[in-house]
Amino acid sequence: MTLILAIIPVLLLIVLMAFFKMSGDKSSIISLIVTMLIALFGFAFSVDNLFYSFLYGALKAVSPILIIILMAIFSYNVLLKTEKMEIIKQQFTSISTDKSIQVLLLTWGFGGLLEAMAGFGTAVAIPAAILISLGFKPIFSATVSLIANSVATAFGAIGTPVLVLAKETNLDVLHLSTNVVLQLSVLMFLIPLVLLFLTNPKLKALPKNIFLALLVGGVSLAGQYLAARYMGAESPAIIGSILSIIVIVLYGKLTASKEEKERKSTLRTKDILNAWSIYLLILFLIILTSPLFPELRSTLENNWITRISLPINASTVNYTISWLTHAGVLLFLGTFIGGLIQGAKVKELFIVLWNTVKQLKKTFITVICLVGLSTIMDASGMIAIIASALATATGSLYPLFAPVIGCLGTFITGSDTSSNILFGKLQASVAGQIHVSPDWLSAANTVGATGGKIISPQSIAIATSAGNQQGKEGEILKAAIPYALAYVVITGIIVYIFS
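Criteria and thresholds
- Residues numbered from 1 in each chain as written.
- Predicted model: local features only at pLDDT ≥ 70, side-chain atom pairs only at ≥ 80, totals over all residues.
- Heavy atoms only, no water.
- Helix = DSSP H or I, 4+ residues; strand = E, 2+ residues; numbered from the N terminus.
- Buried < 20%, exposed > 50% of the residue type's maximum accessible area, 1.4 Å probe, protein only.
- Contact = heavy atoms within 4.5 Å.
- Areas by Shrake-Rupley, 256 points an atom, 1.4 Å probe, with all protein chains shown as cover.
- Lys, Arg positive; Asp, Glu negative; His and termini not counted.
- Charge placed at Lys NZ, Arg CZ, Asp CG, Glu CD.
- Expected span 1.5 Å × (residues − 1).
- Polar contact = N/O pair within 3.5 Å; in protein donor to acceptor, adjacent residues only side chain to side chain.
- Pairing = 2+ DSSP bridges.
- Phe/Tyr/Trp six-rings, centres within 6.5 Å; stacked < 30°, edge-to-face > 60°.

What follows is about the overall build of the chain. Looking only at helices and strands, the chain features 25 helices and 2 strands. Across its three principal directions, the C-alpha atoms of the chain cover 70 × 55 × 50 Å. Burial analysis of the chain (499 residues in total) assigns 57% to the buried set. Long-range contacts, defined here as pairs at least 24 residues apart, represent 78% of the contacts in the chain between residues at least 6 apart. With an accessible surface of roughly 20,200 Å², the chain has 68% of that area assigned to carbon and sulfur atoms. Distance between charge centres in the chain, computed from 31 positive and 21 negative side chains, equals 9 Å.

Turning our attention to helix 23 (residues 438–455). A rise of 1.5 Å per residue sets the reference length of helix 23, with its 18 residues, at 26 Å; its end C-alpha atoms lie 27 Å apart and thus fit the reference within 8%. Among the 18 residues that make up helix 23, 17 are buried, leaving the element largely enclosed by the rest of the structure. With a side-chain oxygen lying 3.3 Å from the backbone nitrogen of aspartate 439, the N-terminal cap of helix 23 falls on serine 437.

The next thing to look at is the pairing of strand 2 (residues 315–322). For strand 1 (residues 305–312) and strand 2, the ladder comprises 8 bridges, and the chain directions are antiparallel. Bridge pairing links arginine 307 to threonine 320 in strand 2. The antiparallel pairing of strand 1 with strand 2 creates a hairpin that spans 2 residues between the two strands, and asparagine 313 there sits at a positive phi of about 55°.

Per the stated rule, a full pass over the model turns up 7 aromatic pairs. Taking the centre distance of 5.7 Å and the plane angle of 20° together, the rings of phenylalanine 136 and phenylalanine 140 count as stacked. For phenylalanine 140, a relative accessible area of 21% puts it in the partly exposed group. Summarising the aromatic geometry, the rings of phenylalanine 211 and tyrosine 251 are spaced 6.2 Å apart at their centres and angled 40° between planes, so their arrangement reads as tilted. Of the two residues, phenylalanine 211 sits in helix 11 (residues 206–230) while tyrosine 251 sits in helix 12 (residues 236–254), which places them 40 residues apart along the sequence. Residue phenylalanine 211 is classed as partly exposed on the basis of its relative accessible area of 46%. Note on tyrosine 251: relative accessible area 10%, which makes it buried.

Assignment of secondary structure puts serine 141 in helix 7 (residues 138–148). The class of serine 141 is buried, set by a relative accessible area of 0%. Those residues in contact with serine 141 that sit more than four places away from it in its chain are Ala128, Leu131, Ile132 and Phe136.

Dropping the structure here:
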């Protein structure tokens, strides 16, 4: 009975969004209310615990998630205001007029780099917005951005998910990182192929799509494997994305038609740098404050801190924000300074920011309700019951289903890191019971979590915000579900075969 009650919030959310086509804000409010009632009456969760769990979830939703979403869309809106987005669009079309190359470069290459550096939705919001400005349909732009934002999330935000997993399980970071890359190896070829196929599904384009997917997947795998094995969790996604961008640009230039090659770009280097100043500054600030510079990061992390303590389940839960290394703050600074460089006035930038806040009001409701819901499910024991039931039911076949648990964690929380906090220890302990390497099964949690990212309601809320498509969450969820299921099935088979 408790298992049935624990599953209801997840099923209800999927049914409301995918089948009743209810908007994200309405379905998340209903699901949150039902989750609260189940926690109160089905799990004997006290009113105090319920209140503080929701408050803790709301705080986590505001920072980092909502601040990052707001600033990512703000950066895009500033580019529209200064009209520099036209130059960026021109540049992408000057690399190649081939739509497949444009989509792969923006979602897999540039999106992967954003995920590697900042994470928390930037890799969905910014590429989707740019694709729409290039003339792609909003639902298509949202779907391909979500599918592409899968593999890179394992090492997103400078390796945060794997670093957290290593800390939770007391396992070696290098071993975990290497296992994650090995389990994702097949998907590094398949995801680019899916993106290319969705852009151009014609049969005659298949040989070209396969060749480009093999090329991009090959450099991604080689770069990520070497970085994971010898450097750890911080750099695989960064190196893999940069190598992918180089290969895609070179391929675009080499395969361009004679007319394209002969057509001279009218853009000056000064204009290009000016147009990219916002994203270049964001990238610079993210790298500067990342673990790549440990002393500077440590200094910044220990100043300008907000700490809030909440009593949940007879213990104290601490909520901390380090403002000087906060990805949302870095996005704001990069956008504001870049906007001034591009000729915008201070007053104009604040007007754009306020208009962005108004544009995202439904997203704020959706994300706060969803993270509040997941925190209540975690604190009341619902998530642990679902995971334990799956482990008990599968027995020796457990490795086949290990990624499903990671996927469930991300679907509910919207975060690969949160999924590892929830289920990392569980995966390692089950590994001991069924005599499988704990490194391998713990890595499977992260890999499954990357698949859950494709259909996470929070990620979908970000995607709809980027294209101003609030209310179409169910449509995007329905489009993305088959890819997420295939993703988790493939990872499950890989984890099982090599366990």
